[in-house]
Amino acid sequence: MSNKTQEIGDIHFPFPFTPYSIQKDFMAELYRVLEAGKIGIFESPTGTGKSLSVICGALSWLRDFEQKKHQEEARLLKAGTIPLSDGKEQPPPLSASCKRTPDTLSPAGEPDWVTQFVQKKEERDLVDRLKEEQVRRKKREERLQQMHHNAQLKYAAKRVRQEEEEMERLLRLSREMLAAGTGAKPLEQLASGEEELVLAEYESDEEKGAPSGVDEDEDDPEEEHVTKIYYCSRTHSQLAQFVHEVQRSPFGKDTRLVSLGSRQNLCVNEDVKTLGSVQLINDRCMEMQRSKHENRAEEEKPKRRRQEHQAACPFYNYEQLQLLRDQVLVGVKDIEQLVALGKEARACPYYGSRFAIPAAQLVVLPYQMLLHAATRQAAGIRLQGQVVVIDEAHNLIDTITGIHSVEVSGSQLCQAHSQLLQYMERYGKRLKAKNLMYIKQILYLLEKFVTVLGGNVKQNPNTQSLSQTGTELKTINDFLFQTQIDNINLFKVRHYCEKSMISRKLFGFTERYGIVLAPSREQPNLAGFQHFLQSLQPTVTKTPVTPVEDGEARVPRPASPLMHIESFLAALTTANQDGRVILSRQGSLSQSSLKFLLLNPAVHFAQVVKECRAVVIAGGTMQPVSDFREQLLACAGVEAERVVEFSCGHVIPPDNILPLIICSGPSSQQLEFTYQKRELPQMMDETGRILCNLCTVVPGGVVCFFPSYEYQRQVYAHWDKSGLLARLAVRKKIFQEPKRANQVEQVLMEYSRCIKCCGQAGGTVTGALLLSVVGGKMSEGINFSDDLGRCVVMVGMPYPNIKSPELQEKMAYLDQTLPRVPGQPPPGKALVENLCMKAVNQSIGRAIRHQKDFASIVLLDQRYARPPILEKLPAWIRDRVEVRATFGPAFATMRKFHREKSVPS
């Protein structure tokens, strides 16, 4: 692949091949947005090379930015090092405008000599800082260069690490032999390994000053955060695809890129990985890092009885992590390559990648890590003055809302209360007053949450029937008052949970005693607890009768319910106007729930746009854009003039796509699939007749989207009964989208195989018909390119359920918050319309995937012809759409289009 540098204006854009004109426009506009520090909303349809345009546009800007910065530094250093007669150096002289007579006062009222002294000091400090930055940069470049050319360093460091591990193991064995049989008995004899379940003495940050610990930002003191681009997308597969694009791009060899992921994806310690749950892996990892520090402290001061700690992680070694950091920065690697490198170097990829952030130029990470402030902080991500690119951002608002919304069930509340109560009874005498106070507060909160649902925390939630059922919606303050917890400082409780790791200790306790134990003299209070746990989890095995010993096979268990409830407590600290609490009372307490609903996602996005130099929100289909402008950016305090919109056309020729809006069917039945009309037999019959006709002229695959799974099921059953299904099967083999995600791959493979076989064999069956659901597994992320999707049909308009309490509350919130624009529907109604059209745009964009592809898009509903709805279609479809009032002309147009396109050129 030969690299071709494109010159657009005065800017050089390296590119692996001659780009499309729309790619040139995209890169130029992206460069301008980054240079001017704007917020850009970029729309580039799938198949137009968006990823490559982002890479080459953004990294070209970063290249020029770094070059300008280095030139400016060199100029300042040159001006700031004028030799004096005594050989010393001094900063540049003050300009004439700064010179005053000694009696002159500055505007602040200070004598002139004070102002000059301060200014000289600032200039000297700037020069010193620039010198330090240069030294650090030079050190890093030399280190990476050495790493690049000398692979032996890696193996030498690995040998040293293995020797150190062996020495540590021998020392530990020696100490254990010396300590064996010594020491007085503690307050109460605890079983082996049980010490680590007891909470350490708790002090708040106010009492002990700034917190310290391994999980603080542990950047190498040498490293500062250089200007970088943070690129995030929805899934790890999308991120991996982006990294591979970077590898193939002209920037692949020289870019310092780091891929970030969760501990679940990056952990190489098999003992920790088997825990399964993300929260458990996180907590065990942090516990092991703390153990390392505690064990060192313990060696220095003798105790009556050595505590048994969780072993420190063998992959967490500072020297090895520094080595891994440099290896990460030397060449572009995706998550899988990073994990393999970590295993080889016996260093943790999770911490190694974090250490690489400061020096990286491009950081690739999932949505949640960037959009959630606490996760961002824990990962060592600093956004101040940086560039953020959010790709696949069509569902950005929903993603932010989802990340910060949380639901807890009555069963989880009861289980957490029972576990915590038993924990307190067992270890109460060993806990300090602060711990007991907070545990009692958490118990009180759990009891009140159960009470507000109408249940009793002391009874089995599965057998508790609620007298009152239905859904109730409260403001945060009203909920706090109703549950009588307004007198508790939830901020302090939340902080206690984070610092004390109470949920981790509680999980260790229930992991040890969560099975039925034979009652003994030492454990008189646990029998009832096991019985209660067993009633909550009827599938728990009864076979083991003793705690699981270290080294035995252990089945991964679900996280402690308290871990989940902690997220709910954190959500309750949101400002009253920005969220709501939904009380859902079902038949039994275990099925009932409390849900926190975030109404204002802008409150969490505001920090991103405030700190960053520039933010780019990009996607294949970003229409309608008004949601991003109003709900996200305007509410986050972004001025309208800072927002730039860019939308490019498609790379396909105009005659390779046929978008049709059909307003009536073959029997002249008006097509309007409202909730009231769509279940009428004549509407379902007309839909079947339209598909029968289309399947006679469309080769290969036809993908038909329905508004919901339930409606698809109803239509399918009706067609089966009326004989329409048999008529359809004459031309196309019929497939249905499965509800289970693990069956999607199999259905797609069979669908693809059928189309391929039919194309080769000839005969009456010309392909396949896939019945899919808007918002389902097939409507996002799956490509129906070429023969897999020669026609996409959209049945009706997939409006969301207007009766949903969450949607109603969101509509009311927008009506109260956003200004009403004359001539436009109220913001709440616009939201419903926008949600519908976003879903439509995602679904119909599945067909055209590359420059030579062709397909027809059929929208079955006369409401699509309304101008406000047409405006919300992507420009590349909207500009070519044809509206047909009757079916005859529409069918003739379809037949002509596919006949011409199917003829080999």
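The coordinates are above.
Counting restarts for each chain, with residues numbered from 1 along the sequence as it is written. Where totals are concerned, whole chains, interfaces and linings use all residues; where local detail is concerned, this predicted model gives features only for residues with pLDDT of at least 70, and gives and counts side-chain atom pairs only at 80 or more. Only hydrogens and water are set aside; all other atoms, that is, all heavy atoms of the structure, feed into the side-chain values.

Asks: Break down the packing of helix 25 (residues 681–697) against helix 26 (residues 709–722) for me, with residues and values.
Replies: Axis angles are defined between N-to-C directions and span 0 to 180 degrees, where every axis is a line fitted to C-alpha atoms and, for a helix, only to the segment in contact. Only DSSP runs of H or I reaching four residues or more are called helices, and only runs of E reaching two or more are called strands; each is numbered from the N terminus. With their axes 10 Å apart at the nearest point, helix 25 and helix 26 run at an angle of 80 degrees to one another. Classified by the angle their axes make, helix 25 and helix 26 are roughly perpendicular. Residues P681, M684, D685, T687, G688 and L691 of helix 25 form the contact with helix 26, whose own contacting residues are Y711, Q714, V715, H718, W719 and S722. Note on terminology: angles under 35 degrees are roughly parallel, angles over 145 are roughly antiparallel, angles of 65 to 115 are roughly perpendicular, and the others are oblique. Note on definitions: a residue-residue contact is assigned when non-hydrogen atoms from the two residues lie within 4.5 Å.

Asks: Lay out the sheet that holds strand 6 (residues 229–233) with the relevant residues and their values.
Replies: Note on pairing: two strands pair once DSSP finds at least 2 bridges between them. Pairing within the open sheet is parallel, and its 7 strands lie in the order 7-8-6-9-14-3-15. Either end of the sheet is taken by a strand with one partner, and the two such strands are strand 7 (257–259) and strand 15 (643–647). Pairs of neighbouring strands in the sheet enclose a mean axial angle of 15 degrees, with direction left out of account. As defined by bridge partners, strand 3 (residues 39–43) adjoins strand 14 (residues 614–619) across 5 bridges and the pair is classed as parallel. From the neighbouring strand, G40 faces strand 14, where its bridge partner is V616.

Asks: Got a sec to walk through the pattern of salt bridges? Specific residues and values, please.
Replies: One speaks of a salt bridge when a side-chain nitrogen belonging to Lys or Arg is within 4 Å of a carboxyl oxygen belonging to Asp or Glu. Enumeration according to the criterion identifies 21 salt bridges in this entry. With a shortest N-O distance of 2.8 Å, E472 and R585 are connected by a salt bridge. One end of the pair, E472, is in strand 11 (residues 470–475); the other, R585, is in strand 12 (residues 579–585), with 113 residues separating them in the sequence. According to the relative accessible area criterion, E472 is partly exposed, its value standing at 22%. In this structure R585 comes out as buried when scored by relative accessible area, which is 6%. Note that E809 and R580 form a salt bridge whose closest N and O atoms lie 2.7 Å from each other. With a gap of 229 residues between them, E809 in helix 29 (residues 805–817) and R580 in strand 12 connect regions that are remote in the sequence. Comparing E809 with R580, the two get one shared label, buried. Among the charged side chains, a network of salt bridges with common partners joins K50, D391 and E392. When a residue's accessible area, from a 1.4 Å probe over protein chains only, is under 20% of the maximum for its type it is buried; when over 50% it is exposed; and in between it is partly exposed.

Asks: Describe in detail helix 30 (residues 827–844), supporting the description with residues and values.
Replies: Here the expected span of a helix is defined as 1.5 Å times the quantity of residues minus one. Between its first and last C-alpha atoms helix 30 spans 25 Å; for 18 residues at 1.5 Å apiece the expected length is 26 Å, and the two agree. With 15 of 18 residues buried, helix 30 is to be regarded as a mostly interior element.

Asks: Tell me about the state of the cysteines, and name the residues and values.
Replies: What counts as a disulfide here is a pair of cysteine sulfur atoms lying within 2.5 Å. Evaluated as defined, the whole model comprises 0 disulfides. Considering cysteine sulfurs only, C612 is the nearest to C232, which forms no disulfide, with 10.0 Å between them.

Asks: Would you mind going over the pairing of strand 14 in detail, with residue names and values included?
Replies: Counting buried positions along strand 14 gives 6 out of 6 residues, so the element sits mostly inside the fold. Both strand 9 (residues 387–390) and strand 14 contribute to a ladder of 4 bridges, which runs parallel. Its bridge partner lying in strand 14, V389 is registered against V616.

Asks: Help me get a handle on the pairing of strand 17 (residues 700–706), residues and values and all.
Replies: Most of strand 17 is tucked away, with 7 of its 7 residues classed as buried. Across 7 bridges, strand 17 lies against strand 19 (residues 767–773) in parallel orientation. Residue pairing for strand 19: C704 is matched across the bridge by L771.

Asks: If you had to explain the packing of aromatic side chains to someone new, which residues and values would you point to?
Replies: Only rings of Phe, Tyr and Trp enter the pairing, Trp through its six-membered ring, and a pair is recorded when the two centres are within 6.5 Å. The plane angle decides the type: under 30 degrees is stacked, over 60 is edge-to-face, the rest tilted. For the structure on display, the rule yields 22 aromatic pairs. Plain terms: the ring middles of F42 and F646 are 5.4 Å apart, the flat faces sit at 40 degrees to each other, and that makes the pair tilted. Note that F42 is positioned in strand 3 and F646 in strand 15, a separation of 604 residues in sequence. As far as the burial class goes, F42 and F646 line up, both buried. Ring-pair connections join several aromatic residues into one group, and the members of that group are F26, F42 and F646. The ring of F315 carries R346 above its face, with NZ or CZ at 5.0 Å from the centroid. Only lysine NZ and arginine CZ atoms are considered, and such an atom sits over a ring when it is within 6 Å of the ring centre and within 35 degrees of the ring normal. In this structure, R790 packs its charged tip against the face of F854, placed 3.7 Å from the ring centre.

Asks: So what's going on with the environment of I357? Residues and values would help.
Replies: Here I357 lies in the loop between helix 12 (349–356) and strand 8 (362–366). Residue I357 is classed as buried on the basis of its relative accessible area, which comes to 0%. I357 sits 25 residues away from R382 along the chain, and the two C-alpha atoms are 9.1 Å apart. For I357, the residues in contact, after removing those within four places along its chain, are H225, K228, Y230, V258, L260, A379, G380 and I381.

Asks: How would you sum up the environment of S785? Please name residues and give values.
Replies: Position of S785 relative to the elements: it lies in the loop between strand 19 and strand 20 (791–795). Between the alpha carbons of S785 and A847 there is a distance of 5.5 Å; along the sequence they are 62 residues apart. Those residues within four positions of S785 in sequence are excluded, and the remaining contacts are R846, A847, R849, H850 and D853.

Asks: Describe helix 12, naming the residues involved and giving the relevant values.
Replies: The buried count for helix 12 comes to 8 of 8 residues, which makes it a mostly enclosed element. Within helix 12, burial applies to P349, Y350, Y351, G352, S353, R354, F355 and A356.

Asks: I'd like a description of unusual backbone geometry, backed by residues and values.
Replies: Cis peptide bonds are those with omega within 30 degrees of zero, and the linkage from Q623 to P624 qualifies with -10 degrees. One non-glycine residue, E392, adopts positive backbone phi at about 50 degrees. Taking relative accessible area as the criterion, E392 reaches 22% and is therefore assigned partly exposed. For M501, which is not a glycine, the phi torsion comes out positive at approximately 55 degrees. In this structure, M501 sits in the loop between helix 19 (490–500) and helix 20 (502–513).

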